[in-house]
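Descriptive structure summary
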Amino acid sequence: MESLKAYNVKAKFQKVVLGVADIYRFVRKVFKQFFSAPLEIRETAKQFYNVGNRSLFLVTFTAFLVGIVFTKQSRPSLSSFGAESWLPSLVSQAVVRSLGPLITGLICAGKLGSNIGAELGSMKVTEQIDAMEVSGTRPFSFLVVTRITATTLALPLLVVYADIMALLGSFLTVAILNNTGFMLYFNDVANHVTYTDIFSSLIKSFFFGFAIGVVGSYAGYNAENGTMGVGKAANTGVVISMLIIFIIDLLSVQVIGLFR
Amino acid sequence: MTPDSSSAKHSSPSLEGRKTVASVRDLKKSFGDRKALKGISLDLHESENLVILGRSGTGKSVLIKCMVGLIEPDDGAMNVLGFNVRTLTPEQLNEMRLQIGFSFQSSALYDSMSVRENLEFPLKRNLRIFDQQKLDGMVMDALQEVGLKDSVDQYPAELSGGMQKRIGVARTLILKPKIMLYDEPTAGLDPITSAEINKLILQVREKYGTSSIIITHDISCARETSDRIIAMVDGRNKAEGSFDELKNLKDPDLEPFFNY
């Protein structure tokens, strides 16, 4: 019984190691094709538009609400210390450093990770990818590299947009509760958000985008077992992307801490 | 040339003196514990329609997928159009694939593209043709071949199974392949549509002189389209000859096909 348990653990460990090696090969192929194959500008632009189009409404809505909620919840604590005027500083740093990238990353992981996984997964199980392969049309470059490039480039832009929306939500709350002016609020924000905050947020979101693209594409491109495989690919695209986003966030906090 | 035209006649010309365009020797492939191919061999001659007849799950599709490099075999040799398939670089593999048309069992049309876009796709990506007038001409010519000119702006989901198969054939014909591989061309189709597909296969050979391998378990497809049949049982060659020769063998493994 014990040896069977040990065997199962060993088999699972082997599966994880093989999976990691396979993802490594996949990422290496992405870079190789990105730099060697002809640029798929039109398809990348189309995917870039899709990424923005699919996520914009959710990002707008969620970021705006987060700005309102975070401001409302922080205000009583700051008031009790008589530090209500620090509200724009607190909110802006929280939004730019962490909340903006994290919320955008998680929304995009849910929306795009599943979408890419399901889209490529259904193409795989209906032999559309094989059909592209046998007609010599380089499906990896056309389907995978373009999607990963699009998510990698789009995420930083979406994060900037989400930051603005969250700050607008926060301003609206402060304006209603404290009668604070637009210029006063955003001057305070500008005085407390540093270039390090902005660049670290952008670099972090760049990696978020890359991770979402890679995980979704990998899951979809390797889908098997019919419609069940498509569901699994979509699910993997979401769950693993989210997990990786939290890991990248944690690592980035450690690295950025060295520069502050 | 439309599938229901009566111009195509099934002739079984002698294969003597004809060049071999593809040969497979002792090909083996396993998936885990399951041995799909246990040492199959074949020769395909110029302008020949070779039918691989066998029950589902005997490894027929695996065989042709190995021939185009979609599946890596475990052992054996394959030479297709002078290319040693097992030792090709990705560039050489692409060069070989451009000369082979593969009609998938599921048709494998790109469902996010219209019929026109499906047919334009290999032209744009392989032959780098972007002149819309030229593309339109080539697309309409290919659709004319399969009798579906009116479906040019429809999407795959709007087409019947038989129409999808014909569009799939048109998409491969547009690159003027030297070898056509048909994977279960009549599977899931009614007898009338199946007869149309059989005629189309013969017409393709008549017009372009292509050599074809037709994978099927449909005895009427085998009778209508074959110059020669290889019967495959349990991943191996069981018998070889013309339709009548195989019918008269009275082999217990083959009799169920002919008595059905």
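Residues numbered from 1 in each chain as written. Chains lettered and ligands numbered in written order. Predicted model: local features only at pLDDT ≥ 70, side-chain atom pairs only at ≥ 80, totals over all residues.

The next point concerns the overall build of chain B. Looking only at helices and strands, chain B features nine helices and ten strands. For chain B, whose C-alpha radius of gyration is 18 Å, the value lies close to the compact-globule estimate of 18 Å for 260 residues. The principal-axis extent of the C-alpha atoms belonging to chain B is close to 55 × 40 × 40 Å. When each of the 260 residues of chain B is scored for burial, the buried share is 45%. A separation threshold of at least 6 residues defines the contact pool for chain B, and within that pool the share at least 24 residues apart is 68%. (Helix = DSSP H or I, 4+ residues; strand = E, 2+ residues; numbered from the N terminus. Rg over C-alpha atoms; globule rule 2.2 N^0.38 Å. Buried ≥ 20, exposed ≤ 12 C-beta atoms within 10 Å, placed from the backbone. Contact = placed C-beta atoms within 7 Å.)

Within chain A, the secondary structure is distributed over eight helices and zero strands. Ordering the α and β elements of chain A from the N terminus gives α-α-α-α-α-α-α-α. Summarising its shape, the C-alpha atoms of chain A cover approximately 65 × 55 × 35 Å along the three principal directions. Evaluated residue by residue, chain A yields a buried proportion of 45% over its 260 residues. Summarising the internal contacts of chain A: among those between residues at least 6 apart in sequence, 88% fall at separations of at least 24.

This part covers the packing of helix α3 (residues 87-125) of chain A against helix α7 (residues 195-221) of chain A. All names here are of chain A. In contact at an axis separation of 7 Å, α3 and α7 are set at 15° when each is read in the N-to-C sense. Between α3 and α7, the interaxial angle falls into the category roughly parallel. The chirality of how α3 crosses α7 is right-handed. (Axes fitted to C-alpha atoms, helices over the stretch in contact; angles between N-to-C directions. Parallel < 35°, antiparallel > 145°, perpendicular 65-115°, else oblique. Left-handed = near helix turned anticlockwise from the far one by under 90°.)

The strands making up a sheet are joined through hydrogen bonds of the backbone, oriented either antiparallel or parallel. Residue and element names in this part refer to chain B. Overall, mixed pairing links the six strands, which are arranged β6-β7-β8-β3-β9-β10 in an open sheet. Two strands bound the open sheet, and with one partner strand each, they are β6 (100-103) and β10 (236-241). Strand-to-strand twist of the sheet, defined as the mean angle between neighbouring strand axes without regard to direction, takes the value 15°. Note: strand β3 (residues 49-53) against strand β9 (residues 228-233), four bridges, orientation parallel. Looking across to β9, one finds that V51 is bridged to I229. Contacting β6 and β7 (179-183), helix α5 (residues 161-173) runs over the sheet at an angle of about 170° to β6. (Pairing = 2+ DSSP bridges.)

What follows deals with the domain arrangement of chain A. A common way to express how large an interface is: the accessible area buried when the components associate. Residue and element names in this part refer to chain A. According to the domain assignment, chain A contains domain 1 (1-36) and domain 2 (41-259). Averaged C-alpha coordinates put domain 1 and domain 2 at centres separated by 27 Å. Across the boundary between the two partners, domain 1 contributes seven residues, which contact eight residues of domain 2. Its residues placed into classes, the side of domain 1 that touches domain 2 shows five nonpolar, one polar and one charged. (Domains from an automatic or database assignment. Nonpolar A, V, L, I, M, F, W, Y, C, P; charged D, E, K, R; others polar.)

Within the element layout of this structure, A:V17 appears in helix α1 (residues 2-36). Along the primary structure A:V17 and A:S252 are separated by 235 residues, whereas in three dimensions their C-alpha atoms are 25 Å apart.

So, about the interface of chain A and chain B. Taken residue by residue, the interface counts eleven residues in chain A and 16 residues in chain B. Considered class by class, the residues forming the side of chain A that touches chain B number two nonpolar, five polar and four charged.

With that settled, consider α7(A). For α7(A), which comprises 27 residues, the first-to-last C-alpha distance of 38 Å matches the rise-based estimate of 39 Å (1.5 Å per residue) to within 8%. Counting buried positions over the 27 residues of α7(A) gives 19, a clear majority of the element. (Expected span 1.5 Å × (residues − 1).)

A few words now on helix α5 (residues 139-178) of chain A. The periodicity of an α-helix, 3.6 residues per turn, causes residues three or four places apart in sequence to face the same way. Residue and element names in this part refer to chain A. Between its first and last C-alpha atoms α5 spans 56 Å; for 40 residues at 1.5 Å apiece the expected length is 58 Å, and the two agree. At A154, α5 shows its maximal kink, close to 30°; a proline, P156, follows between one and four residues later. Phi turns positive, to about 60°, at N179, one or two residues after α5. (Bend = angle between axes of the 7 residues up to and from the residue.)

We now examine the pairing of β3(B). Among the five residues in β3(B), five count as buried, and that is most of the element. Side chains of β3(B) alternate between two faces, with B:N49, B:V51 and B:L53 and B:L50 and B:I52 buried alike.

Right, let's get into the confidence of the model for chain B. Residue and element names in this part refer to chain B. Across chain B, the average pLDDT comes to 88, with 93% of residues at 70 or higher. Between residues 1-12, whose pLDDT stays under 50, and residues either more than four places distant or in other chains, the model counts 21 contacts. Across the predicted assembly, pTM comes out at 0.85 and ipTM at 0.86. (pLDDT = per-residue confidence, 0-100.)

Residue and element names in this part refer to chain B. Reading across from one edge, β2-β1-β4-β5 is the order of the four strands in this open sheet, with antiparallel pairing throughout. On the outer flanks of this sheet lie β2 (34-45) and β5 (83-84), each paired with one strand and no other. Here two bridges tie strand β4 (residues 75-80) to β5, and the two strands are oriented antiparallel to one another. Note on β5: the bridge partner recorded for N79 is N84. Lying on the sheet, helix α1 (residues 60-67) is in contact with β1 (20-31), β2 and β4; it crosses β1 at an angle near 120°.

A few words on the environment of A:V91. Here A:V91 shows up in helix α3. With residues near it in sequence (within four places) discarded, A:V91 still touches A:F70, A:T71, A:S74 and A:S170.

All right, on to the packing of α5(B) against helix α6 (residues 191-208) of chain B then. Residue and element names in this part refer to chain B. Between α5 and α6, the least distance of the axes is 10 Å, while the angle of their chain directions is 10°. The angle between the axes of α5 and α6 places the two elements in the roughly parallel class. Taken as a pair, α5 and α6 cross one another with a handedness that is right-handed. On α6, the residues touching G162, K165, R166, V169 and L173 of α5 are T193, E196, I197, L200 and V204. Here the contact of α5 with α6 is built from residues that sort into five nonpolar, two polar and three charged.

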